[in-house]
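Understanding the architecture of this molecule
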Amino acid sequence: MPDTGLRRVMAFDFGLRRIGVAVGQELLGTGEPLALIPARDGIPDWARIQGLLDEWRPDWVLVGLPLNMDGSENDMCARARKFGKRLHGRFHCPVTMVDERLTSFEAKGEVIAGGGSRDFGRHGVDDRAAVLILETWFRDPGAGVAP
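Residues numbered from 1 in each chain as written. Predicted model: local features only at pLDDT ≥ 70, side-chain atom pairs only at ≥ 80, totals over all residues. Heavy atoms only, no water.

Take the pattern of salt bridges next. Considering all chains together, one arrives at 3 salt bridges under this definition. In this structure, the salt-bridge partner of arginine 7 is glutamate 26, at a minimum N-O distance of 2.8 Å. Of the two residues, arginine 7 sits in the segment before strand S1 (8-13) while glutamate 26 sits in the loop between strand S2 (18-25) and strand S3 (30-40), which places them 19 residues apart along the sequence. Judged by relative accessible area, which is 13%, glutamate 26 ranks as buried. Taking the shortest distance from any N to any O, the salt bridge between arginine 79 and aspartate 41 comes out at 3.1 Å. Here the residue arginine 79 occupies a position in helix H2 (residues 75-91), and aspartate 41 occupies one in the loop between S3 and strand S4 (43-44), the gap between them amounting to 38 residues. (Salt bridge = Lys/Arg side-chain N within 4 Å of Asp/Glu carboxyl O. Helix = DSSP H or I, 4+ residues; strand = E, 2+ residues; numbered from the N terminus. Buried < 20%, exposed > 50% of the residue type's maximum accessible area, 1.4 Å probe, protein only.)

Glancing now at the environment of valine 9. Tracing the backbone through its elements, the reader meets valine 9 in strand S1. Residue class for valine 9 comes out buried when judged on its relative accessible area of 0%. Linking valine 9 and arginine 57, residues 48 residues apart in sequence, is a C-alpha distance of 8.6 Å. Filtering out sequence-adjacent residues up to four positions away, valine 9 remains in contact with Ala22, Val23, Gly24, Pro58, Trp60, Leu62, Leu134, Trp137 and Phe138. (Contact = heavy atoms within 4.5 Å.)

With that settled, consider a nonpolar patch on the surface. Side chains of Leu6, Leu27 and Leu28 sit close together on the surface and give an oily, nonpolar patch of about 340 Å² of accessible area. Inspection of the secondary structure puts leucine 28 in the loop between S2 and S3. (Patch = residues over 30% accessible without salt bridge, like charges linked within 9 Å, V, L, I, M, F, W, Y side chains within 5 Å. Areas by Shrake-Rupley, 256 points an atom, 1.4 Å probe, with all protein chains shown as cover.)

Take the confidence of the model for the protein chain next. Scored by pLDDT, the protein chain comes out at a mean of 83, with 76% of its residues at no less than 70. The weakest mean pLDDT in the protein chain belongs to helix H3 (residues 103-113) at 48; the strongest belongs to helix H1 (residues 46-56) at 97. (pLDDT = per-residue confidence, 0-100.)

Next up on the list: the packing of aromatic side chains. Throughout the structure, instances matching the rule amount to 5 aromatic pairs. When the ring of phenylalanine 14 is compared with that of phenylalanine 83, the centres are 5.3 Å apart and the planes differ by 35 degrees; the resulting orientation is tilted. One end of the pair, phenylalanine 14, is in the loop between S1 and S2; the other, phenylalanine 83, is in helix H2, and 69 residues separate them in sequence. For the pair shown, phenylalanine 14 and phenylalanine 83 are each scored as buried. Measuring from ring centre to ring centre gives 6.2 Å for tryptophan 46 and phenylalanine 91, while their planes differ by 45 degrees; the resulting arrangement is tilted. Residue tryptophan 46 is found in helix H1, and its partner phenylalanine 91 is found in helix H2; the two are separated by 45 residues along the sequence. Assigned by exposure class, tryptophan 46 and phenylalanine 91 land together as buried. The rings of Phe12, Phe14, Trp46, Phe83 and Phe91 are connected pair by pair, giving a single aromatic cluster. (Phe/Tyr/Trp six-rings, centres within 6.5 Å; stacked < 30°, edge-to-face > 60°.)

With that settled, the discussion passes to the pairing of S1. Consecutive side chains of a regular strand alternate in pointing toward one face of the sheet and then the other. With 5 of 6 residues buried, S1 lies mostly within the body of the structure. Counted along the chain from S1 to the antiparallel partner S2, the turn is 4 residues long. The sheet contact formed by S1 and strand S5 (residues 60-65) spans 4 bridges and is parallel. Paired with valine 9 across the bridge in S5 is tryptophan 60. (Pairing = 2+ DSSP bridges.)

The next thing to look at is helix H4 (residues 126-139). Here H4 is 14 residues long and its end C-alpha atoms lie 20 Å apart, about the 20 Å a rise of 1.5 Å per residue gives. Most of H4 is tucked away, with 11 of its 14 residues classed as buried. Looking at H4, one finds that the buried residues are Asp126, Asp127, Ala129, Ala130, Val131, Leu132, Ile133, Leu134, Glu135, Trp137 and Phe138. (Expected span 1.5 Å × (residues − 1).)

So this is what it looks like as structure tokens:
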């Protein structure tokens with residue numbers, strides 16, 4: 001694995017209907033949206049995730065943890081943690097959970113400010129939220145929490 005600072009990192013914004021994916025280089029500290037993967041009750045197309053992991057070969061994987069504003073956990077946190085554990089178990093990649101409070105809200109704001117569609121049901125922002133998860137961790141690796 002490359003030294004800290006040189007790692008390629010992939011981030012997932014877990015959702016029940018869609019999972020956003022972004023990739024970035026730690027040295028640059030920025031990410032780019034990569035994919036929106038459809039999910040059925042939080043279960044993704046694992047072959048599609050395998051394909052992305054094989055193509056991009058990240059050194060580290062992040063999964064957003066949707067904490068409540070007061071820092072407490074909710075049902076979605078348990079599901080996101082389960083998703084992170086499955087990523088680790090299936091693909092043997094190091095996984096870190098990252099506090100993702102307000103990333104979807106911020107991603108929607110960016111789309112609206114850029115004149116994009118407000119129909120977020122059809123045009124998801126989960127891949128953009130994954131970029132924000134990635135960039136949060138790049139700025140502060142201490143933002144990661146145990147899986």
